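The residues making up each chain are set out below.
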Amino acid sequence: MGRFIGLDIHRDFAQIAAVEDRLVTAWGRVDCRPQALREFAAGLRPDDQVALEATGNAITVAVLLEPYVVRVAICNPVKTRAIAGAKVKTDKVDARNPAQVLSADFLPGTWPPDERIRMLRRLSAHRAELVRGRMGVKNQVQAVLHRNMLPRPPVTDLFGTRGRAWLEHQTLPADERQTVGALLRQLDFYGAEIPEVERRPAAGALDDPVVRRLMTIPRMDAMTAVTVLAAVGDFHRFTNADELVSYSGVNPRVRQSSGTPAHHGRITKARLNNPVIRRRGGALAAPPPRPGPSTPPGIPLMSPS
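Residues numbered from 1 in each chain as written. Predicted model: local features only at pLDDT ≥ 70, side-chain atom pairs only at ≥ 80, totals over all residues. Heavy atoms only, no water.

From N to C terminus, the protein chain includes 11 helices and seven strands. When the 305 residues of the protein chain are sorted by exposure, 37% land in the buried category. Of the roughly 18600 Å² of accessible surface on the protein chain, 54% is carried by carbon and sulfur atoms. (Helix = DSSP H or I, 4+ residues; strand = E, 2+ residues; numbered from the N terminus. Buried < 20%, exposed > 50% of the residue type's maximum accessible area, 1.4 Å probe, protein only. Areas by Shrake-Rupley, 256 points an atom, 1.4 Å probe, with all protein chains shown as cover.)

So, in structure tokens, the structure goes:
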């Protein structure tokens, strides 16, 4: 029978523990570098199983180990610790917990995305950081105007041609003028970089039937559809719409006990590490326009449960 191996992965090393014949053994550490991990994997048996907690480099490590063992499972660290009931957090304990939970067949695994979805997630995360940076720059310009008691700009877009011309005629201290100039240069950088980042995922977006189907939702453009696809991955891994909603973290909390009426609270925000669906969903939450000659009716991705 194969062994059950748990890895607690860090940037520079991975702590290893193994369960064999119900006996837990600490295997020490291995460098988190491709060659060192391949050498470690070469010593594993084909019927071994490996579990590692989801972290920044977990998928890369899993791809390196998959050819050498029967299964590599990436687990949810919060659920794994809850099942293990561990009160102490050390590297050795964090390596031992997934190994023991895997050996008991209780491991709460995660869905492993393929290379295309991983690429889309990286690009979507990079774009989100650029968009947040652009918003921060705009807020700093507004803060300069606010603390110098300047009126609201008489234009809808302060950072367009007319808005910048208005900014040039405002009286500001020399240092504030320099600050605004630097912020506008940063804004120009974001304005050029964001379309460049969007170009690659959008290039083949219309060839993807899932993206085309997502775009039938009102206000869902190609980039939003690609971002949702990157966050969800394979829609068919959900058996019904309720599972997809729960995975996205947009379902409301429900509290009910002792026969009292159910109380619905705020959304659960289950996927705190990737809130892209909630951010994108906010723009889509408004009532859709009435169908017209140029507005195709929405087509659900999944049949209702």
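Further notes follow.
Scanning all chains against the criterion turns up two aromatic pairs. When the ring of Phe238 is compared with that of Tyr247, the centres are 5.2 Å apart and the planes differ by 55°; the resulting orientation is tilted. Both residues of the pair, Phe238 and Tyr247, count as buried. Between Arg29 and the ring centre of Phe13, over which it is positioned, the NZ or CZ distance is 3.9 Å. (Phe/Tyr/Trp six-rings, centres within 6.5 Å; stacked < 30°, edge-to-face > 60°. Lys NZ or Arg CZ within 6 Å of the ring centre and 35° of its normal.)

Counting residues in hydrophobic clusters, the biggest one holds 23 residues, and the most contacted among them are Ile5, Leu7, Val50, Leu52 and Leu65. When contributions to this core are tallied by element, the ones reaching two or more residues are β1 (4-9), β2 (13-20), α1 (34-42), β4 (49-53), α2 (58-65) and β5 (71-75). Those residues in contact with Ile5 that lie beyond four places of it in its chain are Ile16, Ala17, Ala18, Trp27, Phe40, Leu44, Asp48, Gln49, Val50, Ala51, Ala99 and Leu102. (Core = buried A, V, L, I, M, F, W, Y, C linked by side-chain atoms within 4.5 Å. Contact = heavy atoms within 4.5 Å.)

Each full turn of the α-helix corresponds to 3.6 residues, which orients residues three or four apart in the same direction. Within helix α9 (residues 222-232), 10 of the 11 residues are buried, which leaves it mostly tucked inside the rest of the structure. Looking only at α9, the buried set comprises Met223, Thr224, Ala225, Val226, Thr227, Val228, Leu229, Ala230, Ala231 and Val232. Of the residues trailing α9, Gly233 is marked for its positive phi of about 85°.

Between two packed helices, both the angle of their axes relative to each other and the distance between the axes serve to describe the pair. Two elements in contact, helix α5 (residues 115-147) and helix α7 (residues 174-203), have axes whose closest approach is 9 Å; the angle formed by their N-to-C orientations is 160°. Considering their axes alone, α5 and α7 lie roughly antiparallel with respect to each other. Relative to α7, the crossing made by α5 is left-handed. Looking at side-chain class alone, the contact of α5 with α7 contains 15 nonpolar, five polar and eight charged residues. (Axes fitted to C-alpha atoms, helices over the stretch in contact; angles between N-to-C directions. Parallel < 35°, antiparallel > 145°, perpendicular 65-115°, else oblique. Left-handed = near helix turned anticlockwise from the far one by under 90°. Nonpolar A, V, L, I, M, F, W, Y, C, P; charged D, E, K, R; others polar.)

Below, the discussion takes up the pattern of salt bridges. Side chains that differ in charge, positive against negative, can pair when their charged atoms come close. Scanning the entire structure with this criterion turns up 13 salt bridges. Across the pair Arg122 and Glu115 runs a salt bridge, and its minimum N-O distance is 3.1 Å. Taking relative accessible area as the criterion, Glu115 reaches 45% and is therefore assigned partly exposed. For the salt bridge of Glu129 with Arg132, the shortest nitrogen-to-oxygen distance reads 2.5 Å. Here Glu129 and its partner Arg132 are both found in helix α5, three residues apart, which amounts to about one turn of the helix. According to the relative accessible area criterion, Arg132 is partly exposed, its value standing at 42%. Several salt bridges share partner residues, and in doing so they unite Glu115, Arg118 and Arg122 into one network. (Salt bridge = Lys/Arg side-chain N within 4 Å of Asp/Glu carboxyl O.)

Now for the packing of α5 against α9. In contact at an axis separation of 8 Å, α5 and α9 are set at 120° when each is read in the N-to-C sense. In this view, α5 runs oblique relative to α9, as classed from their interaxial angle. With respect to the hand of their crossing, α5 and α9 are arranged in left-handed fashion. Each of Arg116, Ile117, Leu120, Arg121, Ser124 and Arg127 in α5 lies in contact with α9, whose residues at this interface are Met223, Val226, Thr227, Leu229, Ala230, Ala231 and Val232. Looking at the contact of α5 with α9, its residues break down into eight nonpolar, two polar and three charged.

Let us now look at the confidence of the model for the protein chain. Any segment with low pLDDT has predicted coordinates that should not be analysed in fine detail. Mean pLDDT over the protein chain stands at 85; residues scoring 70 or higher make up 85%. For the stretch residues 292-305, pLDDT sits under 50, and the model shows 19 contacts to residues farther than four places along the chain or on other chains. (pLDDT = per-residue confidence, 0-100.)

Looking now at the sheet that holds strand β3 (residues 23-31). Read across the sheet, five strands follow the order β3-β2-β1-β4-β5 without closing on themselves; strand pairing throughout is mixed. Each of the sheet's edge strands pairs with one partner strand only, and the pair in question is β3 and β5. Each adjacent strand pair in this sheet contributes to an overall mean axis angle of 20°, direction not counted. Sheet topology note: the β4/β5 ladder contains five bridges and is parallel. Pairing of Leu52 across the sheet is with Ile74, part of β5. Against the sheet, α2 contacts β1, β4 and β5, and its axis sits at roughly 170° relative to β5. (Pairing = 2+ DSSP bridges.)

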